[in-house]
Amino acid sequence: MIPLAEPNLCGNELKYLTECVHSNYVSSVGRFVDQFEAMVAAYSGAQFAVATSAGTTGLHVALTALGVGPGDLVILPSFTFIASANAIAHCGALPWLFDVDPRTWTLDCDLVESALCDQTISQAGKVIHQRSGLRVAAIMPVYTLGLPANMDKLVALAQRYHLPIVADAAAALGAEVGNRKIAQLGADATVFSFNGNKTITAGGGGAVVSNNKDLIQLIRHLTTTARVGRDYDHDRVGFNYRMTNLQAAVGCAQMENADVFVQAKRRIAMTYRQALAGVTGVEPFPEPEPLKSACWFSGFRLHMEHGNAGSLIDYLAAASIGARRFWKPIHLQTPYRHCPQTAMLVSEKLWPEIVTLPSSTHLTVQDQDVVIKTTLAGLKLQQAAL
Ligand SMILES: *Cc1c(COP(=O)(O)O)cnc(C)c1O
């Protein structure tokens, strides 16, 4: 079996874990947590970081710290992983769902601009969504597959409407725009995931990065039960969302290899892109200049006029190749069907056409070759039958 994406624990993971056990520091105090935060901040180009128990909890606490609460709306692309919407719902808020840009598969900022202009009014300094009467409290762009959203446009829009931006950069550590790193694109907070299927893992975990010191202090406070002082004094409803030293030990070992892993992901993506170029109906994952994707997953879009992504995935599975579909949009998910939303022409056509291919950072050249040959054979069979 050639798996879709497996963790690559080739560095100091075991050594650092052993150190945790020997030192008895296994919980959320310990040198690896501090070190991990410093490494993630530096690598993403931010001044500060708070390590969290997951990407989802990082998103939840960042939204909370920026004032999102019950009865609010948060602007979100529908084409994302369910966790982005869940983090909003955990605040007691609802996502306001938008279609994505067909060129990047990220939030369509023109749609956001026209919706803010046509469907909201300003009331006592608040942006009110007219039809529901709910306050629009934040914007959450998602860096789809590791590709940053159109942040220059979105930041200008957010400033105009005084809305904070929490970027769901869960799988985008290592992405860049020109010479700007991923945390330098203007979001108030940028959130990463270190789940097992991400390029860099801590077994599970997340991080919120920002240049806003007060915001980071508040987030750190909220993740540790909002405790004041040494005794059991708490000044807010807080969370138990801190990363443990055990997770951070694995995370630090992984971060030492961050460049190697991101380069491997990019090389794998480039190899698939070149091998499948010119096959009718096959479109590579988007990466328009000057955006540089972190290439979390590799694969392609198979336009349904020229083939069937689902049958191709079955064909690959029969050959022991772990290919998979990608995100089913949020507006089609039971808990979020009722949310305010735009027309979803792009998302609805796009998601059933995506095929993700094996892209572990330690995928061998031989294995990738097998995947390519099998994929080409499967496509040829399908196209002969059309
Ligand atoms: C992985 C992922 C998350 C969730 O992160 P967890 O660490 O699993 O909670 C959120 N959003 C996106 C886009 C993701 O890919």
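Above this text is the structure in question.
Source: prediction; values computed, not measured.

**Q** Hey, could you run me through a nonpolar patch on the surface in this one?
**A** A surface patch of nonpolar side chains, about 220 Å² in accessible area, is lined by Val21, Val26 and Leu246. The residue leucine 246 is located in helix α8 (residues 245–255) in this model.

**Q** Just to check I follow, could you spell out the side chain of threonine 201 for this structure?
**A** By the element assignment, threonine 201 lies in the loop between β10 (189–193) and β11 (206–210). Looking at threonine 201, its side chain comes within polar contact range of the main-chain nitrogen of glycine 196, at 3.4 Å. With residues up to four places along the chain from it excluded, the contact list for threonine 201 reads Pro7, Phe194, Asn195, Gly196, Val250, Gly251 and Gln254.

**Q** Just checking my understanding: could you explain the sheet that holds strand β15 (residues 354–357) for this structure?
**A** Note: strands within a sheet are paired through backbone hydrogen bonds, in either parallel or antiparallel orientation. Strand order in the open sheet formed by three strands is β12-β14-β15, and the pairing between neighbours is antiparallel. On the outer flanks of this sheet lie β12 (282–284) and β15, each paired with one strand and no other. Neighbour-to-neighbour, the strand axes of the sheet open up by a mean angle of 30°, direction not taken into account. Across three bridges, the pairing between β12 and strand β14 (residues 298–302) is antiparallel. Bridged to proline 284 within β14 is phenylalanine 300. Where helix α12 (residues 365–384) meets the sheet, it contacts β12, β14 and β15, and its direction lies at approximately 5° from that of β14.

**Q** What is the right way to look at the site of the ligand in this model?
**A** Close to the ligand lie 16 residues; Gly55, Thr56, Asp168, Ser193 and Lys198 are nearest. Within the contact set of the ligand, an oxygen atom lies 2.5 Å away from a side-chain nitrogen or oxygen of threonine 56. Note that a nitrogen atom of the ligand is positioned 2.7 Å from one of the side-chain N or O atoms of aspartate 168. For the ligand, the accessible surface in isolation is 380 Å², of which the surrounding protein chains cover 91%. Only α3 (55–65) and α4 (82–90) provide two or more residues apiece to the shell around the ligand. Tallied by class, residues from the shell around the ligand come to seven nonpolar, seven polar and two charged.

**Q** Could you clarify how one ought to interpret the environment of leucine 379 in this entry?
**A** With respect to the helices and strands, the residue leucine 379 is situated in helix α12. Exposure remark for leucine 379: the relative accessible area of 1% places this residue in the buried category. It is 44 Å that separates the C-alpha atoms of leucine 379 and aspartate 118, two residues lying 261 residues apart in sequence. Apart from residues no more than four positions distant in its own chain, leucine 379 is found in contact with Leu276, Val279, Val282, Leu302 and Leu312.

**Q** Sorry if this is basic, but what is going on with the packing of helix α10 (residues 309–318) against α12 here?
**A** Between two packed helices, what matters for the description is the angle formed by their axes and the separation of those axes. Where α10 meets α12, the closest approach of the two axes is 10 Å, and the angle between their N-to-C directions is 135°. With respect to their mutual orientation, α10 and α12 come out oblique. Seen from above, α10 lies across α12 with right-handed handedness. Touching Ser311, Leu312, Tyr315 and Leu316 of α10 are Thr374, Thr375, Ala377, Gly378, Leu379, Leu381 and Gln382, all from α12. Within the contact of α10 with α12, the residues separate by chemical class into six nonpolar, five polar and no charged.

About the cut-offs
Residues numbered from 1 in each chain as written. Predicted model: local features only at pLDDT ≥ 70, side-chain atom pairs only at ≥ 80, totals over all residues. Heavy atoms only, no water. Patch = residues over 30% accessible without salt bridge, like charges linked within 9 Å, V, L, I, M, F, W, Y side chains within 5 Å. Areas by Shrake-Rupley, 256 points an atom, 1.4 Å probe, with all protein chains shown as cover. Salt bridge = Lys/Arg side-chain N within 4 Å of Asp/Glu carboxyl O. Helix = DSSP H or I, 4+ residues; strand = E, 2+ residues; numbered from the N terminus. Polar contact = N/O pair within 3.5 Å; in protein donor to acceptor, adjacent residues only side chain to side chain. Contact = heavy atoms within 4.5 Å. Pairing = 2+ DSSP bridges. Axes fitted to C-alpha atoms, helices over the stretch in contact; angles between N-to-C directions. Near = heavy atom within 4 Å. Nonpolar A, V, L, I, M, F, W, Y, C, P; charged D, E, K, R; others polar. Buried < 20%, exposed > 50% of the residue type's maximum accessible area, 1.4 Å probe, protein only. Parallel < 35°, antiparallel > 145°, perpendicular 65-115°, else oblique. Left-handed = near helix turned anticlockwise from the far one by under 90°.

Treat this as a map of the structure, not an account of what it does.
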